[in-house]
Amino acid sequence: MISACRLFFFGLTPLLLLAACGPSDTRVEEGNRTGILHVGNGAEPSNLDPQTITGLPEAKIVSTLFDGLVELHPETNEPVPAAAASWEISEDGLVYRFTLQPEGRWSNGDPVTAQDFVTSYRRKLSPRLGSRYAYMLYPLEGAEAFHRGETDDFTTVGVTALADDQLELRLHTPAAFLLDLLTHSSWFPVHADTLEAFGDLDEPNTRWTRAGNLVGNGPFRLVSWRPERFVQVEKNEHHWRSGEISLQGIYFYPISDPTTEEREFRTGRLHITNTIPPDRVAVYRDRNDPEFHSQPSFSTYYYRFNTTRPPLDNPKVRRALKLAIDREAITKEVVRGGQQPAYSYVPQGDFTDYRPGPFFQYDPDEARRLLAEAGFPEGEGFPTKEILYNTMETHRLVAEAIQDMWSEELGISVNLTNQEWQVYLETQNRLQYDISRSGWIGDYLDPNTFLDLMLTDGGNNRTGWANEEYDELITQANREMNTARRNELFAEAEALLLQEAPVAPIYFDRTNYLMSVSVQDYYTTPTGYRPYWRVNLVSE
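Cut-off values and rules
- Residues numbered from 1 in each chain as written.
- Predicted model: local features only at pLDDT ≥ 70, side-chain atom pairs only at ≥ 80, totals over all residues.
- Heavy atoms only, no water.
- Pairing = 2+ DSSP bridges.
- Helix = DSSP H or I, 4+ residues; strand = E, 2+ residues; numbered from the N terminus.
- 1 Å grid on protein atoms, 1.4 Å probe; cavity = no way out; pocket = protein on both sides within 12 Å on 5 of 7 lines; lining within 4 Å.
- Points joined across faces, edges and corners; volume = space filled by probe spheres on them.
- Nonpolar A, V, L, I, M, F, W, Y, C, P; charged D, E, K, R; others polar.
- Buried < 20%, exposed > 50% of the residue type's maximum accessible area, 1.4 Å probe, protein only.
- Salt bridge = Lys/Arg side-chain N within 4 Å of Asp/Glu carboxyl O.

Points about the sheet that holds strand β11 (residues 292-305)
So, step 1. Spatial ordering of the open sheet is given by β12-β16-β11-β15-β13-β14, a layout of 6 strands whose pairing is mixed. Looking at which strands have only one partner, the edges of the open sheet turn out to be β12 (340-341) and β14 (414-419).

In structure tokens form, the structure reads like this:
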């Protein structure tokens, strides 16, 4: 076949030919015309099951495929309708009744019903599923007992379908943050018939999440998942707000190297990056680049210690390692993206009314004293340990800096090991590490989203640390209706946590990214939620 360009050649001068047959549009330019958004996702997602995921690379995609009862408004951070059109709360704060969207549909056209949520929450709490986020449903009456296998009678759990469009949630104790909690993927519904076509409802890791199989109730539907290349979603025409959705689709690219990602952006292959190379942040910021964006994040970058492995089972050793980290140097000389040194575990700022701390400071002299008390004067006899991090340049740079600090201040040696995202998560889950790079972005704007991570046997604890006094303080705080007293209990718990030091906070993070000026109405909240259904693309 003769191309249109070759046909035009006849009768045209070379200059006119060049104008008629110029270079092809970039991926971004073509996307602007067709309504297709191209986004850097960081890591390859481990899976797309909303009830078992634990990481941000997965959550960013899952939030396009599923709707919870409510979502956060990106400008006010207040809960607004999603799968639920409205709700009522009893005066005692123990009963929530939701009316579902009358036009709510799954991506295969089935209606979304209250029973879908009941079935989904039973699956979430099933011990067989093994969800590390099952505790997110513990505010429900009877949920913890069911999850722990103390009863197999799900009617004791506080969730009931009153009618096809009426869902009731009953709590054992008032939880002022419940609506915020409902925005988390743990509370998203799943399509039971689809899951059962590929195995038992509570069977983990079946083929139901693959492209062509997955049925969701979100604004987009899964079209293609090509590992290490992209995840592709397209507009869900059955969604109740499909008339408001401008985007026709989104491609999520797993690019773990920030330098590679920046190059992809600069060559017109990405609309939005996941992050920015640390040494480039100041460049973009100082020249007021309109494509540079930096926003506060309700998140903490920290190190976990495996408290089941000697000598990390000794709190004095863990505290010594924590106190020998120069956080000012790391934020100013290593990451350089506006991050703030962390001297508490819960992020400081205007996110909540909880603002205690600092709980410690950089103190290498005290660190050396503690290490000597633990039996390792000037690091003598301290076994070589290993810092684990998931593959990304920033994590490597931070690990190298801490490696040098511990060597210089404490006289100890550590090795560095990096793993790809999915392997790294599994290594943490199995406690097959010494010291691990970690990060947590709050699931909702409340200190509890950080502090309940470290409860004994908590699904996201991943340190082996257990402390009954800490558990009791968190339990008391979540039963306390007086905000000031609740915050006091949380502060007591956080002080105990950082004295025991199963974790070492390093810095409070920021969300730094590049975004094409053709992208409009894109938001990212302090908890990392990105309502892609609001996005519009325009030609530059």
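What follows continues from the structure just given.
Quick notes on empty space enclosed by the protein
So, step 1. All chains considered together, the criterion is met by 3 cavities of 30 Å³ or more.
So, step 2. As a volume, the largest cavity reaches approximately 60 Å³.
So, step 3. Lining the largest cavity, in full, are V39, G40, K60, I272, T273, N274, T511, Y513, Y522, R530 and Y532.
So, step 4. Counting residues per element, the ones that place at least two in the lining of the largest cavity are β1 (36-40) and β16 (503-514).
So, step 5. Classifying every residue of the lining of the largest cavity gives 5 nonpolar, 4 polar and 2 charged.

Quick look at the pairing of strand β10 (residues 249-253)
So, step 1. Summarising burial for β10: 4 of the 5 residues are buried, a large majority.
So, step 2. Here strand β9 (residues 230-235) runs beside β10; their pairing, made up of 4 bridges, is antiparallel. Its bridge partner being in β10, E234 is matched across the sheet by G249.

Comments concerning the pattern of salt bridges
Close approach of charged atoms allows side chains of opposite charge to pair.
So, step 1. Summed over all chains, the structure comprises 30 salt bridges.
So, step 2. The salt bridge partner of D289 is R266, with a shortest N-O separation of 3.9 Å. A residue pair is termed long-range when its members are at least 10 positions apart, and D289 in the loop between α10 (278-286) and β11 and R266 in helix α9 (residues 258-266) qualify at 23 residues.
So, step 3. Judged by relative accessible area, R266 falls into the partly exposed class, the value being 40%.
So, step 4. Salt-bridge contacts for R318 lead to E500; the nearest nitrogen and oxygen are separated by 3.9 Å. Placement of the pair is R318 in helix α11 (residues 315-323) and E500 in helix α18 (residues 483-500), with a sequence separation of 182 residues.
So, step 5. The partly exposed category is assigned to E500, whose relative accessible area is 22%.
So, step 6. Residues joined by salt bridges that share partners form a network here, namely R97, E141, E168 and R170.

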